[in-house]
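# Observations on the three-dimensional arrangement
Single-letter residue listing:
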Amino acid sequence: MSIDQSFEDTYRRLADALTVTVLTGAGVSADSGVPTFRGPDGLWNNFRAEDLATPEAFARDPQLVWEWYNWRRGLIASTRPNAAHQALARLERRLDQRGGRFRLITQNVDGLHLSAGSRRVTEIHGNIWKVRCTACGLVAENRDVPLRLLPTCSRCRELLRPHIVWFGETLAAEDLRDTYAALESCEILLIIGTSGIVYPAASFAPVAKSAGAYVIELNLETTPYTGVVDRSFQGRAKDLVPALLK
Ligand code: OAD
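What counts and what doesn't
- Residues numbered from 1 in each chain as written.
- Predicted model: local features only at pLDDT ≥ 70, side-chain atom pairs only at ≥ 80, totals over all residues.
- Heavy atoms only, no water.
- Buried < 20%, exposed > 50% of the residue type's maximum accessible area, 1.4 Å probe, protein only.
- Helix = DSSP H or I, 4+ residues; strand = E, 2+ residues; numbered from the N terminus.
- Right-handed = clockwise from strand over helix to strand, strands pointing away.
- Pairing = 2+ DSSP bridges.
- Contact = heavy atoms within 4.5 Å.
- Axes fitted to C-alpha atoms, helices over the stretch in contact; angles between N-to-C directions.
- Parallel < 35°, antiparallel > 145°, perpendicular 65-115°, else oblique.
- Nonpolar A, V, L, I, M, F, W, Y, C, P; charged D, E, K, R; others polar.
- Phe/Tyr/Trp six-rings, centres within 6.5 Å; stacked < 30°, edge-to-face > 60°.
- Lys NZ or Arg CZ within 6 Å of the ring centre and 35° of its normal.

### Section: the pairing of strand β8 (residues 214–219)
Each regular strand displays side chains that alternate between the two surfaces of the sheet. Within β8, six of the six residues are buried, which leaves it mostly tucked inside the rest of the structure. Residue alternation in β8 divides its side chains into two sets, Y214, I216 and L218 and V215, E217 and N219, and both sets are buried. In this fold, strand β7 (residues 188–192) hands off to helix α10 (residues 204–210), which returns the chain to β8; that crossover is right-handed. Where β8 and strand β9 (residues 231–234) come together, four bridges link them in parallel fashion. Bridge pairing in β9 links I216 to R231.

Next comes the structure, spelled out in structure tokens:
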């Protein structure tokens, strides 16, 4: 099958499907100007995850960790959803109107899918605009840029942390339940802009595939997913996603 035929075939499958699950990573927000983690300009080239994105790092130096998150909040605050985020929000509305089912699982913490109007979103790594009390667990939205350091809980006055899943931490049980239900029940899994090396997201394609889903990958490059999926297209999310979903 030529590239054009295979694009047309994928377009048709997406147009006909009633149950679609989408998995996104940093690549979907790259076209909005949010830095990715890996690759030439990736955050993990310039910063050490061990110093900034682990519970141990926060226990050692909460000021340093919060300063890094304040810097990232500043970057993200000036970004807007791009054509890929918007096309996914339109797909959800279209499936709603047709009585279908949609679930968007994202590893991104920037909140851009929600800003674009997506509703059935599971943010498996948390959200940079939420804070959580280290003592009582209260989660609250906070959009201050910069956030005054060190922030404390409105209820118990103890230290707040970013509501983010750090390395070495487990995902929320409810998020995992929703995620696996969506992976195991979808006709199509669309994977967009993720390097596919961070677990558990790295295992999602085989889970959906063995439950019978047709799996499509959209990425600038090939990834470990590429050999596993049914179709893989290389290009920018802001071009590929609207073209496949229009
Ligand atoms: P990565 O930075 O690992 O990968 C980004 C992926 O997006 C790569 O495969 C790129 O090829 C692709 N990409 C870049 N620009 C793109 C574009 N314009 N269009 C399409 N694809 C593009 O980001 P993630 O896979 O999201 O975790 O990383 C997973 C997790 O690792 C993150 O959630 C984060 C990180 O450590 C935590 O912080 C817990």
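### Re the environment of P151
Positionally, P151 belongs in the loop between β5 (139–141) and β6 (160–164). Along the sequence, P151 and C133 sit 18 residues apart, while their C-alpha atoms lie 9.4 Å from each other. The contacts of P151, once residues within four sequence positions are left out, are W66, E158, L159 and L160.

### Quick word on the packing of helix α1 (residues 3–16) against helix α11 (residues 237–245)
Axis separation between α1 and α11 bottoms out at 8 Å; the angle between their running directions is 60°. When the axes of α1 and α11 are compared, the pair comes out oblique. Facing F7, T10, Y11 and L14 of α1, the residues of α11 in contact are L240, A243, L244 and L245. By residue class, the composition of the contact of α1 with α11 is seven nonpolar, one polar and no charged.

### Quick notes on α11
Given 3.6 residues per helical turn, the α-helix brings residues three or four places apart onto the same face. Of the positions making up α11, those classed as buried are A237, L240, V241, P242, L244 and L245. Its buried side turned inward, α11 meets α1, α2 (26–30), α7 (83–97), β7, β8 and β9.

### A few points about the packing of aromatic side chains
For the coordinates displayed, the defined rule picks out 10 aromatic pairs. Three or more aromatic residues joined by ring pairs make a cluster, and in this case those are F37, W44, F47, F58, W68, Y69, W71, W166 and F167. One cation-aromatic arrangement involves R13 over Y214; the distance from NZ or CZ to the ring centre is 3.8 Å. The cationic tip of R161 hangs over the ring face of W166; the distance from NZ or CZ to the ring centre is 3.9 Å.

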